[in-house]
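Summary of the model geometry
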Amino acid sequence: MSPFLSLLPEVELPYEKIQFDDKVLYTVFICLIYIFAQLPLAGVEKDIATSINDPIYFLRGAFAAEPKTLLEFGVFPIVSSGLIMQLLAGLKLIKVNFKLQKDRELFQSFTKMMIFLQYFILTNIFIFAGYFGTDLTIFQILVLNFQLVGTGMFVTLLAEVIDKGFGFTSGPMMITTINIATNIVSDIIGVSHVKIDDEGNTEPQGALVNFVQSFRPKDKTLFASVLSAFNRDYLPNMTTIIIVTIIGALVCYFQNFRVELPIRSTRARGMNNVYPVRLFHVASLSLSFSYCLLFYIHIVPFAFITLIGKNDPNNIVCKILGHYENVNNLLAVPTFPLSVFAPPRSFFYGLIQSPLSFVIFPTFIIVTGVWFAYKWQAISGQSARDIAKEFKEQGLTLAGRREQNIAKELSKSIPLASATGAAIIALIAIIGELLGLKGKAASMVIGVCGGFSLLELVTLEYQQAGGGSAFSQVLGAPTNI
């Protein structure tokens, strides 16, 4: 990577400490920029009929990816490259000495190069597969590459602004959380009308708005119209919204589960406190990792099926990997064996058409999520040994335990909490996906976990700022806390 260090764009670290109010502004405006960047692609007709529809429809929500827009691939290359590189370094599969500035620069630059390369590869796979239309000219191909790869580089730098300390939490998580929140609001009360058939009939995107309008049907009976509001497959429906709300409530409920270990100071008498070991010790990173693997599992066969097999069921490639069937002129649903790694379109449809997906898909999510959580807590600075080292530096120890046994005692709860929390997060997401949420369950879990992480960081920063924020004064809050 050494020859490329001077060529890759990079956001510089802030020269001075960023104040709380400035962090709020940076975070808000970066999220607004991302949301308003969901512009349609130039040179691609919005309602063009293609032989290949969306093959990753159930993965988009977890990575803030919007189809047929500049944000076609969202933050997936950023998340996947970061997780993979950190795992490789943590598992000692690549040698990186993070104490050396040169090694850190090379590591960050290689990660960024992987991000840009993934945007380029994904863009051209979709172009030559016919996702954006067939018989594209050289000029159209270049324009699409310029838009999608250029936007990917821009999003990478946007996320890096937050990562470098100008905003709260991590950039990809912040962007994903805000995008998920806006999509949920749009799915519930979105008033924009979407074309649903070739005759030009439209329906509101928002499930609640459509439910209210179903009581004054135009071309259906009242019963059929209300029933459609609960079971329509092509747009969000009331059943989906109810299940998503329950999933969000479950995540909020389990978010508060923790074990409080009593700690005391070794430097001052009478100073006692507790150290919380949370059930969601690694938050939703385990689920994000599982969905990154699913993305690769689907995108690689998609390239072979469409570029080599031409999505022809009689082709030898398609006989081995399966092919795609277009549904509702929106989704490209894979057939066996690829279908076992995808959630069913609906519960009853899945039981009939792909019963194996009810076994393999949940097993894959749980196993990969638990494995990642166990490994991540050990290599990300959150292991029992790392926390014991922090305790020693701060003059803290577990009450009733010797200082030499801190790591041993913490190792009884931290790995168990990480693995158990990952399994629970996976189960919540799986239940929603098997009920036919098409990725909305996973995105809801990731969004709620990200929202809690953001809230905690904002609260901590506010307390460290002494409550002297201009925002608190505008809102009428007390200046001292």
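Everything numeric here is computed off the predicted structure, so don't read it as measured data. (Residues numbered from 1 in each chain as written. Predicted model: local features only at pLDDT ≥ 70, side-chain atom pairs only at ≥ 80, totals over all residues. Heavy atoms only, no water.)

Below, the discussion takes up the overall build of the chain. Of regular secondary structure, the chain possesses 17 helices and seven strands. On C-alpha atoms alone, the chain measures out to a radius of gyration of 24 Å, which is about the 23 Å that the 2.2 N^0.38 rule sets for 481 residues. Taken over the C-alpha atoms alone, the chain extends approximately 80 × 60 × 50 Å along its principal axes. Within the chain, buried positions represent 47% of all 481 residues. When contacts within the chain are restricted to residue pairs at least 6 apart in sequence, those whose partners lie at least 24 apart make up 66%. (Helix = DSSP H or I, 4+ residues; strand = E, 2+ residues; numbered from the N terminus. Rg over C-alpha atoms; globule rule 2.2 N^0.38 Å. Buried < 20%, exposed > 50% of the residue type's maximum accessible area, 1.4 Å probe, protein only. Contact = heavy atoms within 4.5 Å.)

With that out of the way, let us pick up the sheet that holds strand β7 (residues 396-398). Reading across the sheet, the three strands line up as β4-β3-β7 and stay open at both edges, with antiparallel pairing between neighbours. Here the strands that pair on one side only, and so sit at the sheet edges, are β4 (272-278) and β7. Across the sheet, the mean angle from the axis of one strand to that of its neighbour is 40°, orientation sign disregarded. As defined by bridge partners, strand β3 (residues 258-265) adjoins β4 across seven bridges and the pair is classed as antiparallel. Paired with isoleucine 263 across the two strands is asparagine 273, which belongs to β4. Its contacts with the sheet put helix α13 (residues 384-394) on β3, β4 and β7, and the angle it makes with β7 is roughly 130°. (Pairing = 2+ DSSP bridges. Axes fitted to C-alpha atoms, helices over the stretch in contact; angles between N-to-C directions.)

Once that is clear, we can look at the nonpolar core. Of all hydrophobic cores here, the largest spans 88 residues; its most connected members are Phe63, Phe126, Phe132, Leu287, Tyr291, Ile365 and Val445. Per element, the largest residue contribution to this core is 10 residues, and it comes from helix α9 (residues 285-308). In this view, valine 445 contacts Ile247, Val251, Ser284, Leu287, Ile425, Ile428 and Ala429; residues no more than four positions away in its chain are not counted. By size, the runner-up hydrophobic cluster in this structure holds 14 residues, among which are Leu158, Phe166, Leu454 and Tyr462. (Core = buried A, V, L, I, M, F, W, Y, C linked by side-chain atoms within 4.5 Å.)

A side chain with one charge may pair with a side chain of the opposite charge, provided their charged atoms come close. Tallying each qualifying case throughout the model produces 10 salt bridges. For glutamate 160, the salt bridge is made with lysine 164, and the minimal N-O distance between the two is 3.1 Å. Taken together, the positions of glutamate 160 and lysine 164, both in helix α4 (residues 138-166) and four residues apart, correspond to about one turn of that helix. Under the relative-accessibility criterion, glutamate 160 is labelled buried at 10%. In this structure, a network of salt bridges that share partners links the residues Glu10, Lys112, Glu160 and Lys164. (Salt bridge = Lys/Arg side-chain N within 4 Å of Asp/Glu carboxyl O.)

For the rest of this paragraph, the subject is the pairing of strand β6 (residues 331-334). Side chains of β6 alternate between two faces, with Leu331 and Val333 and Ala332 and Pro334 buried alike. Sheet analysis places strand β5 (residues 324-327) next to β6, joined by four bridges and oriented antiparallel. Paired with asparagine 326 across the two strands is alanine 332, which belongs to β6.

It is worth spelling out the packing of aromatic side chains at this point. A ring pair, where both rings are aromatic, is described by two values, the distance of the centres and the angle of the planes. Applying the stated criterion to the full structure yields 23 aromatic pairs. In this structure an aromatic cluster arises from ring pairing among Phe73, Phe126, Tyr131, Phe132, Phe302 and Tyr324. Directly above the ring of tyrosine 131 sits lysine 68, whose terminal nitrogen or CZ lies 4.8 Å from the centroid. (Phe/Tyr/Trp six-rings, centres within 6.5 Å; stacked < 30°, edge-to-face > 60°. Lys NZ or Arg CZ within 6 Å of the ring centre and 35° of its normal.)

Where helix α15 (residues 414-434) meets helix α16 (residues 440-464), the closest approach of the two axes is 7 Å, and the angle between their N-to-C directions is 145°. Side by side, α15 and α16 meet where Ile425, Ile428, Ala429, Gly432 and Glu433 of the first sit next to Lys440, Ala441, Ala442, Val445 and Cys449 of the second. Taken together, the residues of the contact of α15 with α16 break down into seven nonpolar, one polar and two charged. (Nonpolar A, V, L, I, M, F, W, Y, C, P; charged D, E, K, R; others polar.)

Another point: the environment of phenylalanine 230. By the element assignment, phenylalanine 230 lies in helix α7 (residues 222-231). Among the residues examined, phenylalanine 230 registers a relative accessible area of 30% and is labelled partly exposed. The spatial distance from the C-alpha of phenylalanine 230 to the C-alpha of valine 251 is 24 Å, given a sequence separation of 21 residues. Apart from the residues within four sequence positions on either side, phenylalanine 230 is in contact with Phe211, Asn237, Met238, Thr239 and Ile242.

Omega for the bond connecting phenylalanine 336 with proline 337 falls within 30 degrees of zero, at 5°, which places this linkage in the cis form. Assignment of secondary structure puts proline 337 in the loop between β6 and α11 (347-353). A positive phi angle, near 60°, is found at lysine 68, a position not held by glycine.

A word on the packing of helix α5 (residues 171-189) against α16. Put simply, α5 and α16 touch, their axes get as near as 8 Å, and they point 125° apart. Between α5 and α16, the angle falls in the class oblique. Judged by the twist between their axes, the crossing of α5 over α16 is left-handed. Here α5 contributes Met173, Met174, Thr176, Thr177, Ile180, Ile184 and Asp187 to the contact with α16, which in turn contributes Lys440, Ser443, Met444, Ile446, Gly447, Gly450, Gly451, Ser453 and Leu454. (Parallel < 35°, antiparallel > 145°, perpendicular 65-115°, else oblique. Left-handed = near helix turned anticlockwise from the far one by under 90°.)

The next subject is the environment of leucine 227. The residue leucine 227 is located in helix α7 in this model. Each C-alpha atom, one on leucine 227 and one on glycine 350, is 21 Å from the other, the two residues being 123 residues apart in sequence.

Applying the stated criterion across every chain, the model contains zero disulfides. Considering cysteine sulfurs only, cysteine 449 is the nearest to cysteine 31, which forms no disulfide, with 17 Å between them. In this structure cysteine 449 is not part of a disulfide, and its nearest cysteine sulfur, from cysteine 252, lies 8.8 Å away. A relative accessible area of 2% places cysteine 449 in the buried class. (Disulfide = S-S within 2.5 Å.)

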